[in-house]
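Residues per chain are reported as follows:
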Amino acid sequence: MLAVAGAGDVHAEPEREAAVGDETIIIVDQAPQEGARDRRRALGDAPFVTILHPDDHPATASVADALATSAGAQTRSLGGLGAYQSVSVRGAAPGHTSVLIDGVPLARIAAVTTDLGRFSLDSFGEVELYRGAVPVELGGAGVGGAVNLVTRLGRGEHGERVRASLGVGSFGARHLRAHYGDDHEHVKSSTTLGYQGADGDYTYFDDNGTLLNQRDDGYRTRGNNGFAQLDAATRVGAHDGSAAGGLRLAYKDQGLPGSTAQPALATSMATLNAIADGNLVVDVGRATAKQLAYVLVERQHLDDPMGELGLGPADRTYVTLSGGATSTWSVPVAAHRLVGGVELRGDRFVDRDERGQQPELTGTRAGGAATLAVDVNLAPQLVATPALRLDVLRSAPTPMTAGPSALVMVDPRWDVVPSPRFTTRLAVSDEVSIKSSAGYYVRLPTLLEVFGNRGYIVGSPELRPERGPSGDLGMVWAPARARGAVDRILVQTDVFAARARDTIALITTAGFVARAVNIGNTQSYGAELMASARFARTLTATASYTRLVTEQMTIDTTLDGKRIPRKPPHALYGRLDAVCTFAGRTAAVWVDGAWQAESYLDAANLARVPARLLLGSGVRAEIGAGFALSASVANLTDERISLRTLDPPPSPTLTQTPTPLTDVAGFPLPGRSFYLSLDWTY
């Protein structure tokens with residue numbers, strides 16, 4: 001085989017093949033790429049998918065931070081760098097979005113880890129965000145979609161083998177990361193080591209819980225908000241992708257600061273995670289089979305000596321053990337493709353009181369699933385995919401130790417839930433695709449929701465599965481060539497809707513504590529728009545917008561028609577990047593902004609979270625010998641106060657009152673913060 005390489009940039013168009021006699025000549029396009037970075041995935045994948053890359057985000061970005069910039073995704077955190085972060089997609093609860101690492105499911109039957117703030121974006125090659133429909137290979141059914149964190153094996157996009165980064169910033173923030181990846185004789189490898197930490201001692205505005213009395217307002221310092229995290233990952237795989245395996249470890253020790261109304265100054269949580277997996281892809285006749293096996297371990301220790309979280313004094317350790325295997329087979333049938341799979345999984349939960357004052361509590365979940373999908377080529381441009389996932393699950397919940405359900409034994413429960421879905425993709429041209437999906441989803445409660453974590457979530461063993469119809473329809477436009485001075489164009493837009501029975505939502509109960517409850521029937525619908533383009537090969541603009549309408553439908557007149565808690569009806573993100581070259585070295589500057597509308601903390605829509613707008617900026621410059629220096633500013637305008645509209649106003653002259661700038665979960669966010677980092681590649 002003869003390979004002819006050109007001088008295109010790192011995102012050059014894929015290779016073209018031409019047959020000459022018995023040889024195949026591969027020609028790499030000579031011209032710089034003019035299409036968007038992930039245009040082929042956006043056009044060719046049946047679901048709506050967004051690919052996130054580490055080099056598009058700051059070195060300290062977590063997976064949750066990166067996802068928050070995408071259309072349809074919103075981040076919920078406990079405030080500040082390193083805080084607990086979960087992601088809501090299309091307004092669905094975090095449990096609606098399956099989280100996978102290299103195809104290993106973390107949050108389907110057991111929420112071994114839903115804290116996406118715990119994963120550094122830089123430790124992965126890319127993050128795939130599927131909105132709505134999910135490929136059958138990743139579990140199939142779902143209303144919120146799926147997030148798949150993919151490890152990049154071998155060298156980086158620019159051919160680098162070594163990548164290192166260190167930095168410091170406001171409120172004691174710091175990080176140190178190193179990565180090595182290379183192509184060896186028979187395999188490709190990737191190894192990452194990282195440390196990240198912060199003191200989190202920022203100041204925030206506090207209204208002292210008295211909205212109408214501004215005389216006791218003031219600024220206070222966030223206490224017990226520090227963290228330190230170590231993570232390590234190593235993975236190897238065959239050059240042809242036929243086999244891969246790896247181990248990922250993470251340890252995080254963090255304070256749990258509580259809310260502004262009920263701060264927790266002596267409470268902490270230490271978490272250790274381990275994920276090991278291996279997969280093998282083999283051809284059996286005309287079929288291709290992928291086998292995957294994995295083990296997941298999470299150990300958390302909660303120390304709450306003063307009972308600041310509202311659960312009484314606690315010194316508890318809980319351990320979640322999970323193991324499973326999947327077998328997925330793909331078989332071509334004429335012009336079509338048949339995909340089927342089987343999944344088995346078991347989970348065990350142990351909650352131990354280290355003081356010996358309460359008996360050890362245990363819970364187990366065991367289940368399996370069968371998936372079947374057929375890619376039917378109805379025409380050269382039209383592919384329809386009917387799919388079905390059938391879950392069978394046995395749950396033996398742990399009894400509650402506090403509240404009205406204390407020590408009430410719950411009998412083991414069997415759930416048999418089908419999830420059918422029908423997806424279509426129409427390639428109108430090589431630049432435009434129209435996609436749609438419709439189905440009936442079932443969202444099983446996660447272990448985190450059923451058992452709690454004796455920290456910030458109280459368990460709900462009586463929680464019922466959530467189920468209902470969902471669907472979406474939209475289009476993708478991604479031209480391969482420039483339009484005048486504009487290139488790298490990518491536009492995705494869609495509408496979506498879902499109606500749920502026994503909707504599961506996290507409700508704040510007291511202070512720092514939340515509990516998953518069935519809030520009755522709900523419906524949600526909305527639209528998403530994501531657009532990006534580059535101008536004059538220098539200025540890149542990216543924007544994403546989500547419109548979300550939610551409504552509770554219940555016989556309780558105080559809740560009927562009210563919005564679902566913690567789901568802003570509008571969310572907008574925009575970013576501008578300018579890149580130029582001086583003396584052979586590249587410099588870049590960027591600005592971004594994130595706005596979200598007012599939301600609520602409770603089902604009755606009484607506790608409001610005001611709208612907010614946060615601006616940021618940064619610069620990165622190559623300084624030679626593989627080194628580059630970066631500086632960034634978050635919350636550029638130092639917003640720490642939000643004005644809350646009083647409805648009804650107590651007087652004509654008092655219609656608004658200052659409240660703290662908070663996340664959608666109600667926890668205060670830091671003001672202006674700076675970060676400086678130095679990175680090196682070789």
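Conventions and cut-offs
- Residues numbered from 1 in each chain as written.
- Predicted model: local features only at pLDDT ≥ 70, side-chain atom pairs only at ≥ 80, totals over all residues.
- Heavy atoms only, no water.
- Helix = DSSP H or I, 4+ residues; strand = E, 2+ residues; numbered from the N terminus.
- Buried < 20%, exposed > 50% of the residue type's maximum accessible area, 1.4 Å probe, protein only.
- Contact = heavy atoms within 4.5 Å.
- Areas by Shrake-Rupley, 256 points an atom, 1.4 Å probe, with all protein chains shown as cover.
- Pairing = 2+ DSSP bridges.
- Core = buried A, V, L, I, M, F, W, Y, C linked by side-chain atoms within 4.5 Å.
- Salt bridge = Lys/Arg side-chain N within 4 Å of Asp/Glu carboxyl O.
- Phe/Tyr/Trp six-rings, centres within 6.5 Å; stacked < 30°, edge-to-face > 60°.
- Lys NZ or Arg CZ within 6 Å of the ring centre and 35° of its normal.
- Patch = residues over 30% accessible without salt bridge, like charges linked within 9 Å, V, L, I, M, F, W, Y side chains within 5 Å.
- Polar contact = N/O pair within 3.5 Å; in protein donor to acceptor, adjacent residues only side chain to side chain.
- pLDDT = per-residue confidence, 0-100.

A word on the overall build of the chain. Looking only at helices and strands, the chain has three helices and 41 strands in total. Looking at the chain residue by residue over its 682 residues, the buried ones come to 52%. Of all intrachain contacts in the chain linking residues separated by at least 6 positions in sequence, the fraction that spans at least 24 positions is 63%. Approximately 28,500 Å² of the chain is accessible, and the part contributed by carbon and sulfur atoms is 61%.

Glycine aside, residues mostly have negative phi, and peptide bonds are mostly found in the trans state. The phi dihedral of Asn605 is positive, around 60°, even though this residue is not glycine. Backbone geometry at Ala625 places phi at a positive 60°, although glycine is not the residue there. Along the polypeptide, Ala625 turns up in the loop between strand 37 (612-624) and strand 38 (627-634). Under the relative-accessibility criterion, Ala625 is labelled exposed at 68%.

This part covers the pairing of strand 31 (residues 521-535). Put simply, side chains in a regular strand alternate between the two faces of the sheet. Bridge count for strand 28 (residues 486-500) against strand 31 is 13 bridges, and the pairing is antiparallel. Within strand 31, the position partnered with Val491 by the bridge is Ala531. As paired elements, strand 31 and strand 32 (residues 539-553) share 15 bridges and run antiparallel to each other. Along strand 32, the bridge assignment pairs Leu529 with Tyr545.

What follows covers the environment of Ala498. Tracing the backbone through its elements, the reader meets Ala498 in strand 28. Owing to a relative accessible area of 14%, Ala498 belongs among the buried residues under this scheme.

Before going further, it helps to spend a moment on the nonpolar core. What tends to happen in soluble globular proteins is that the nonpolar side chains get buried as a cluster. Judged by nonpolar contacts, the single largest core of 25 residues is most densely connected at Val63, Leu67, Leu116, Phe119, Val127 and Leu149. Counting only elements with at least two residues in this core, the list comes to helix 2 (63-67), strand 6 (85-89), strand 7 (97-101), strand 9 (126-131), strand 10 (145-150) and strand 19 (287-304). Tallying contributions element by element places helix 2 first for this core, with four residues. Apart from residues no more than four positions distant in its own chain, Val63 is found in contact with Leu116, Phe119, Ser120, Leu121, Phe124, Val127 and Leu149.

With that settled, the discussion passes to the pattern of salt bridges. Scanning the entire structure with this criterion turns up 31 salt bridges. As a salt-bridge pair, Glu128 and Arg41 come within 3.3 Å of each other at their nearest N and O atoms. Placement of Glu128 in strand 9 and of Arg41 in helix 1 (residues 39-44) is noted, with a sequence separation of 87 residues between them. Counted as one network, the salt bridges with shared partners bring together Glu34, Arg481, Asp487, Arg534 and Arg537.

So, about the packing of aromatic side chains. Between two aromatic rings, the relevant description is the distance of the centres plus the angle of the planes. Tallied over the full model, the rule gives five aromatic pairs. Between the aromatic rings of Tyr318 and Phe349, the centroid separation amounts to 5.2 Å while the plane-to-plane angle is 40°, which identifies the pairing as tilted. Separated by 31 residues along the polypeptide, Tyr318 in strand 20 (residues 314-333) and Phe349 in strand 21 (residues 336-353) bring together distant segments of the chain. Each member of the pair, Tyr318 together with Phe349, is buried. Lying over the aromatic face of Phe227, Lys252 brings its terminal NZ or CZ to 5.4 Å of the ring centre. When the ring centre of Phe48 is taken as reference, the NZ or CZ atom of Lys435 above it lies at 5.5 Å.

A word on a nonpolar patch on the surface. Side chains of Val168, Ile623, Phe627, Leu629 and Leu676 sit close together on the surface and give an oily, nonpolar patch of about 420 Å² of accessible area. Looking at the element boundaries, Phe627 is found in strand 38. The class for Phe627 is partly exposed, based on a relative accessible area of 33%.

To continue, consider the sheet that holds strand 8 (residues 104-105). Across the sheet, which stays open at both edges, the five strands sit in the order 4-9-10-7-8 with mixed pairing between neighbours. Either end of the sheet is taken by a strand with one partner, and the two such strands are strand 4 (48-52) and strand 8. The pairing of strand 7 with strand 8 spans two bridges and is classified as antiparallel. The residue bridging Ile101 from the neighbouring strand is Val104, located in strand 8.

This next bit is on the environment of Ser268. Relative to the helices and strands, Ser268 resides in strand 18 (residues 268-284). With relative accessibility at 24%, the residue Ser268 sits in the partly exposed group. In this structure the C-alpha to C-alpha distance between Ser268 and Phe227, which are 41 residues apart in sequence, comes to 9.4 Å. In this view, Ser268 contacts Gln254, Gly255, Leu256, His301, Leu302 and Asp303; residues no more than four positions away in its chain are not counted.

Turning to the side chain of Asp351, a few remarks are in order. Relative to the assigned elements, Asp351 resides in strand 21. Here Arg316 takes part through its side chain, which lies 3.0 Å from a polar atom of the side chain of Asp351.

Glancing now at the side chain of Ser677. Inspection of the secondary structure puts Ser677 in strand 41 (residues 673-681). For Ser677, a relative accessible area of 9% translates into the label buried. Excluding residues within four positions of it along the chain, Ser677 makes contact with Leu166, Gly167, His175, Ala628, Leu629 and Ser630.

This part covers the environment of Arg585. You can see Arg585 is positioned in strand 34 (residues 585-596). Look at Arg585 and you get partly exposed, because its relative accessible area is 43%. With 43 residues separating them in the primary sequence, Arg585 and Ala628 have C-alpha atoms 9.7 Å apart. The residues contacting Arg585, other than those within four sequence positions of it, are Cys580, Glu622, Ile623 and Gly624.

Glancing now at the confidence of the model for the chain. Any region with low pLDDT has predicted coordinates that should not be read closely. Put simply, the chain has an average pLDDT of 82, and 85% of its residues get 70 or more. Of the regions scoring below 50 in pLDDT, residues 1-32 engages in 51 contacts with residues more than four places distant in sequence or in other chains. Segment residues 108-113: pLDDT under 50, and 33 contacts once partners within four positions in sequence are set aside and those in other chains are kept.

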